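# Close look at the chain arrangement
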2 protein chains.
Amino acid sequence: MKTHRVSPSRKIRLAKIDTTGTPGFKGDKAAGEARVARLADRLNALQDLMFAEGKQRLLVVLQAMDTGGKDGTVRSVFARVGQQGARVANFKAPTSTELAHDYLWRVHSEVPGRGEIVIFNRSHYEDVLVVRVHEFVPKEVWRRRYDQINAFERMLAEEGTTIVKFFLHISREEQKERLEARLAEPDKRWKFNPGDLKERERWGDYMTAYEDVLNKTSTPWAPWYVVPADRKWYRDLVVAETLVETLERLGMKYPQPDWDPTSIKVPA
Amino acid sequence: MKTHRVSPSRKIRLAKIDTTGTPGFKGDKAAGEARVARLADRLNALQDLMFAEGKQRLLVVLQAMDTGGKDGTVRSVFARVGQQGARVANFKAPTSTELAHDYLWRVHSEVPGRGEIVIFNRSHYEDVLVVRVHEFVPKEVWRRRYDQINAFERMLAEEGTTIVKFFLHISREEQKERLEARLAEPDKRWKFNPGDLKERERWGDYMTAYEDVLNKTSTPWAPWYVVPADRKWYRDLVVAETLVETLERLGMKYPQPDWDPTSIKVPA
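Residues numbered from 1 in each chain as written. Chains lettered and ligands numbered in written order. Predicted model: local features only at pLDDT ≥ 70, side-chain atom pairs only at ≥ 80, totals over all residues. Heavy atoms only, no water.

### Side note on unusual backbone geometry
Positioned with a positive phi, A:Thr67 is a non-glycine residue whose angle comes to about 70°. Relative to the helices and strands, A:Thr67 is located in the loop between β1 (57-64) and α2 (70-77). Using a relative accessible area of 8% as the deciding quantity, one classes A:Thr67 as buried. With a phi angle near 50°, B:Glu135 is a residue other than glycine that sits in the positive phi range. (Helix = DSSP H or I, 4+ residues; strand = E, 2+ residues; numbered from the N terminus. Buried < 20%, exposed > 50% of the residue type's maximum accessible area, 1.4 Å probe, protein only.)

Structural data, given as structure tokens:
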């Protein structure tokens, strides 16, 4: 899965990445889904271990264009972990209270504690994406945010938080199909917002903004992964595999009690 | 499932309830589990509808003795709903900041917003359970809390929150088996706390405290259900069925767009 990791030393160009590709996996869709299911079980076991050990914190950042599959990824990858094992923090348009603070304020309050997994559905990266594309703040303000974000994430990492960031990369054509599917199904129509089409018109601006994000903020302590996401099963596979590998590298252990388990008798 | 609902007009005695019973269901364990899986799917569909409609709020309160199965219930019943569809609020021993406020303060901040499902894993009821049993506050303080809680929940209900409360009722013998199972498995041992045995000694006091809770705070706007919980599949079945029935009674509808879906064309 390292093939998807953005190296700080080599600039990436999103247009050159095949959003329908499945590099590193030879199986078909059914084999991919079966593998995701096994990885979801493994992730569940690792979450249990992480909670039991109570030392590590895991922060997963999900970013994507509209219809890019953030919700679906959470559903598949964390299917076996459950609500008690992982929490989603959604960052929508900021409230007036949030806007009254710096842009990292609302984000900081949601980072994981010991033993916790938190998934950011959108994140502080919106403050250099939608905010930049729509010029909600002047250029000199958003330009210095890359360094601010790197410093913030570095602090989190140095204090014990493992950070993994995914950009779910779909093509413009795939988005068209997904938006049309929403319009076609009466029970999905509520997800469609005519305003989404305005954002779609700015596709090129968003790709430029994402490229800057990926090239400026993929660090050794908080790497970005660009996930080819037109095929949902492959998207889920990359995210699940990356998280399992990341957690396995932490060398976690179940804590040993400081009392002798055989000495304890539960009275009737 | 109405058989498990605590009527405000008829006092219940916990000792008279068979914790191994499966009233209202004729099938065996396998049939029960299959039904829970179907109900979990239905609950997922209802959550989608609830979020889409954006009007209702659902608050689920789970209370139980230690090992009573609160975590397992969340895992089974909300298995298909996912982290985005339902959130768990855990209420552990209060922090010093929480203790500096009234006991409903930390609880109020976690209640669901429109379209949201929130599950309370423990709740404000601990303030008339553990707090009463251990006399953390004088009797005159905890005694007036039943009325305070009823008034608080009535306000929530009148403002649009549906409240359903479950007491997962296990026997003292079943707890012994579950504690012993935790001790026996190395990967489960961390869940065992020698202090749990001290609470177990107070079983009778807890049952008295639970009976008062059930008899004083099962209201038309926030009913309690006593769930026979020695059999995990039956426990899950009662909770899932009750939630599905409750949500189906709300008569929710997918919102209709105020624009004509056929008039919208997604540009290339």
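### Details of the environment of B:Ala40
Residue and element names in this part refer to chain B. The topology assignment puts Ala40 in helix α1 (residues 29-53). Accessibility expressed as a relative area gives 2% for Ala40, which makes it buried. Through-space distance from the C-alpha of Ala40 to that of Phe78 is 6.2 Å; in sequence the pair is 38 residues apart. Those residues within four positions of Ala40 in sequence are excluded, and the remaining contacts are Ser76, Val77 and Arg80. (Contact = heavy atoms within 4.5 Å.)

### A few points about the sheet that holds strand β2 (residues 87-90) of chain A
Residues and elements named next belong to chain A. Spatially, five strands are ordered β2-β3-β1-β4-β5 in an open sheet, and the strand pairing comes out parallel. This sheet does not close on itself; its edge strands, each paired only once, are β2 and β5 (224-228). Neighbour to neighbour, the strand axes of the sheet diverge by 25° on average, direction disregarded. Here five bridges tie strand β4 (residues 161-169) to β5, and the two strands are oriented parallel to one another. (Pairing = 2+ DSSP bridges. Axes fitted to C-alpha atoms, helices over the stretch in contact; angles between N-to-C directions.)

### Looking at the relation of the copies chain A and chain B
Each copy superposes on the other: chain A lies on chain B with an RMSD of 0.0 Å after a rotation of 180° and an axial shift of 0.0 Å. Considering both components of the superposition, the chain copies are consistent with a two-fold axis. Proximity to the rotation axis, assessed at the C-alpha, singles out A:Gln83 in chain A; its C-alpha lies 2.5 Å from the axis. (Least-squares fit on C-alpha atoms with pLDDT ≥ 70 in both.)

Don't take any of this as a statement about function, it's just geometry.
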